[in-house]
Amino acid sequence: MLGRLLKSKPLVTSILRTTDFWRCPCTKDAQLLTRRTLCSKAEAPKKVISQTAIPGRSTFRNDRRPTEFDKKILLWAGRFKKEEDIPALISSEVIKAATSRVRIKICYITMALTLLGCLVMIISGKQAARRDDTLLRMNTEKKAMWRAEAETELEAAAMKAQ
């Protein structure tokens, strides 16, 4: 504002309002802003040419050789059809996304097996209730058997004593 009054070119043009169409002097493209931003006419950064071990590859590329387990995960996730299709170097993001997908599949399988186990236990419990196989009856039978064994041992000890 002060720059306009003094008719000089300001360093920072202005604070732009949200959701207004405006033409950025840096890119000359119309954009829809979703937040308040400052726009300055800065020069575009120059490309830095760096030396890498392999010419033509970027410096900070996050590639690595997949292990056998990584290859299996990539196949299970459906990223590749065959093990021969997997390249020698894969970015860590691809492997991370595949492991996330496999982890989610394993969680779904675990949930399904848990529900199946619950249904099996419900069905077997209802069948046991029909047969009158309750814990109370089983415990009373077991204790009656222990008492009978104890009585026979006492009788055997009394016979030896006579």
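If you're wondering where the values come from, they're calculated on a predicted model, not measured in any experiment. (Residues numbered from 1 in each chain as written. Predicted model: local features only at pLDDT ≥ 70, side-chain atom pairs only at ≥ 80, totals over all residues. Heavy atoms only, no water.)

Caption draft 1: Inspection of the overall build of the chain at higher detail. Helix and strand counts for the chain stand at 4 helices and 6 strands. Its helices and strands in sequence order give the chain the pattern α-β-β-β-β-β-α-β-α-α, from N to C terminus. Burial status across the chain gives 14% buried among its 162 residues. In the chain, the share of contacts with a sequence separation of at least 24, taken over all contacts with a separation of at least 6, comes to 36%. Total accessible area computed for the chain in this model is approximately 14600 Å², and 61% of it derives from carbon and sulfur atoms. (Helix = DSSP H or I, 4+ residues; strand = E, 2+ residues; numbered from the N terminus. Buried < 20%, exposed > 50% of the residue type's maximum accessible area, 1.4 Å probe, protein only. Contact = heavy atoms within 4.5 Å. Areas by Shrake-Rupley, 256 points an atom, 1.4 Å probe, with all protein chains shown as cover.)

Caption draft 2: Geometry of the pattern of salt bridges. Applying the stated criterion across every chain, the model contains 5 salt bridges. Between Lys71 and Glu68 there is a salt bridge, and its shortest N-O distance comes to 3.9 Å. With Lys71 and Glu68 both in helix α2 (residues 68–76), this residue pair falls 3 residues apart, about one helical turn. Notably, a salt bridge pairs Arg131 with Asp133, separated by 3.3 Å at the nearest N-O pair. (Salt bridge = Lys/Arg side-chain N within 4 Å of Asp/Glu carboxyl O.)

Caption draft 3: Highlighting the nonpolar core. One finds Ile73, Leu74, Ala77, Phe80, Ile86, Ile90, Val94, Ile95, Ala98 and Val102 forming the largest nonpolar core, which totals 10 residues. Broken down by secondary-structure element, the contributors of at least two residues to this core are α2 and α3 (92–131). Sort the elements by how many residues they give to this core and α3 lands first, with 4 residues. When near neighbours in sequence (up to four residues on either side) are disregarded, Ile86 contacts Pro66, Lys71, Leu74, Leu75 and Phe80. (Core = buried A, V, L, I, M, F, W, Y, C linked by side-chain atoms within 4.5 Å.)

Caption draft 4: Focus on a nonpolar patch on the surface. A cluster of nonpolar residues, Ile109, Leu113, Leu116, Val120 and Met121, forms a patch on the protein surface that exposes about 520 Å² of accessible area. Mapped onto the secondary structure, Leu116 falls in helix α3. (Patch = residues over 30% accessible without salt bridge, like charges linked within 9 Å, V, L, I, M, F, W, Y side chains within 5 Å.)

Caption draft 5: Focus on α3. If you check α3, its first and last C-alpha atoms are 58 Å apart, about what 40 residues at 1.5 Å a residue would give, namely 58 Å. Listed as buried for α3 are Val94, Ile95, Ala98, Val102 and Ala128. Tucked into the core, α3 has its buried residues touching β5 (63–64), α2 and β6 (90–91). Backbone geometry just after α3 places Asp132 at a positive phi near 65°. (Expected span 1.5 Å × (residues − 1).)

Caption draft 6: How the structure looks around unusual backbone geometry. A positive phi is found at Asp132, a non-glycine position, where the angle reads about 65°. Relative to the assigned elements, Asp132 resides in the loop between α3 and α4 (135–161). The partly exposed category is assigned to Asp132, whose relative accessible area is 42%.

Caption draft 7: View of the side chain of Asp70. Within the secondary structure layout, Asp70 lies in helix α2. Those residues in contact with Asp70, other than ones at most four positions away along the chain, are Arg64 and Ile95.

Caption draft 8: Molecular detail of the confidence of the model for the chain. In this model, the chain carries an average pLDDT of 76, and 62% of its residues clear a pLDDT of 70 or more. In the model of the chain, strand β1 (residues 12–15) stands out as the element of lowest mean pLDDT, 47, in contrast to α3, which has the highest, 94. Note that residues 10–22 has pLDDT below 50 and, in this model, 30 contacts with residues that lie over four places away or in other chains. The model gives residues 48–53 a pLDDT under 50, and that stretch makes 4 contacts with residues more than four places away or in other chains. (pLDDT = per-residue confidence, 0-100.)

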